[in-house]
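# Remarks on the overall topology
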Amino acid sequence: MADTVTLQARSAAFWTGAAAGWIRHADRQDEVGRPLGAPAMDRLAARPAERILDVGCGCGGTTAEIAAAVGDTGAAIGIDIAEAMVAAARQRFPPDRYPSVRFRTADIETLDVVPGAPFDAAYSRMTLMLLADPVAGCTAIRRSLRPGGRLAATVFRDGSVNPWLFAAMLGAAPHLGPLPPLPVGDEPGPFSFADPARLARVLSVAGFTAVTITPHDITMDAPDDADAVAEWLIEVGAAGAAYRAAPPAGQASARAGAVRLLERFREPGVGYRLPAGLWLLSAVAVRADKPSAAGCPPVTHHRQPRQDENR
């Protein structure tokens, strides 16, 4: 497994290259991708006048949703490592129309405290699993919260309950140039927190208490437009940069390959139903900079549902 510095450099390069796809599909990500963060948004329960940090804000849709809850007397601060996505977020949600929203380019792993701290709460949709040093990133989040501040976030579970992720990439890959190296073991990637025990350890070491980790099964509903759905999933995934660099014929072949493998998720005339298995995590920031020597804070695990549950 690569060292942390190598992984951080690899991650920064990936998101620089991936930003164009996320910007192009920002509206679709907000609409179709909303269920990926909805359990955490509900758990966050943002209240008027609160100051809330959105970690991994992308093109700003989740930050704007938080801003609607905290109102003009509150603040919603979105941070993301991808400068181009932050610039897009500022254009999509300008301060004259969204006075409580602010965006900042920042790498949560390298910050001691997020500028503007302390915050009442922090939210993150599918970002913590992508950190090369998740302890450092979660520690920075905890330091940026007031004592007793809350964290609500989602990450993927394992690949078996997120099959569409493989379908889009594997369908497109044979028709494109080289792709970024796939993550190995605990390296940052969609399934780096497949084991909830690892997630619990990271949060505890980072100084959170009252940690709960609960499985959630959701479905993303996409329109019955095979070519558009395939392109969206390719562009926001690992094959996105290679897809954009390919000639038109290669792009068409990549989309066709993804369409074939995504067909199992399509109901003709209705659209696509993309199943996803998530961990919903919540935790509370403690005052001390490190967990006490007496041991890690308690963690509550909930049983992962069988395949036939929560449908």
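Residues numbered from 1 in each chain as written. Predicted model: local features only at pLDDT ≥ 70, side-chain atom pairs only at ≥ 80, totals over all residues. Heavy atoms only, no water.

With that settled, consider the pairing of strand E4 (residues 119-125). Most of E4 sits inside the fold, with seven of its seven residues counted as buried. With three bridges connecting them, strand E1 (residues 51-55) and E4 associate as parallel partners. Residue pairing in the sheet places Asp54 in a bridge with Tyr123 of E4. One ladder, built from six bridges, connects E4 with strand E5 (residues 145-156); its direction is parallel. Note on E5: the bridge partner recorded for Ser124 is Ala153. For the segment spanning E4, helix H6 (residues 134-143) and E5, crossover handedness is right-handed. (Buried < 20%, exposed > 50% of the residue type's maximum accessible area, 1.4 Å probe, protein only. Helix = DSSP H or I, 4+ residues; strand = E, 2+ residues; numbered from the N terminus. Pairing = 2+ DSSP bridges. Right-handed = clockwise from strand over helix to strand, strands pointing away.)

The next subject is the side chain of Arg125. Among the structural elements, Arg125 can be located in strand E4. In this structure, Arg125 is buried with no salt-bridge partner, the nearest side chain bearing the opposite charge being Asp30 at 4.9 Å. Discounting residues that sit within four places of it in the chain, Arg125 has contacts with Gln29, Gly33, Arg34, Leu36, Gly37, Val55, Thr62 and Thr154. (Lys, Arg positive; Asp, Glu negative; His and termini not counted. Salt bridge = Lys/Arg side-chain N within 4 Å of Asp/Glu carboxyl O. Contact = heavy atoms within 4.5 Å.)

The bulk of non-glycine residues show a negative phi, and the bulk of peptide bonds are trans. A cis amide bond links Ala117 to the next residue, Pro118, at an omega of 10 degrees. Following the sequence through the fold, Pro118 ends up in the loop between strand E3 (101-105) and E4. Of note in this structure, Ala45 is not a glycine but carries a positive phi near 50 degrees. Residue placement: Ala45 occurs in the loop between helix H3 (38-44) and E1. The partly exposed category is assigned to Ala45, whose relative accessible area is 39%. Even without a glycine there, the phi angle at Ala49 is positive, about 75 degrees. When you line up the elements, Ala49 lands in the loop between H3 and E1.

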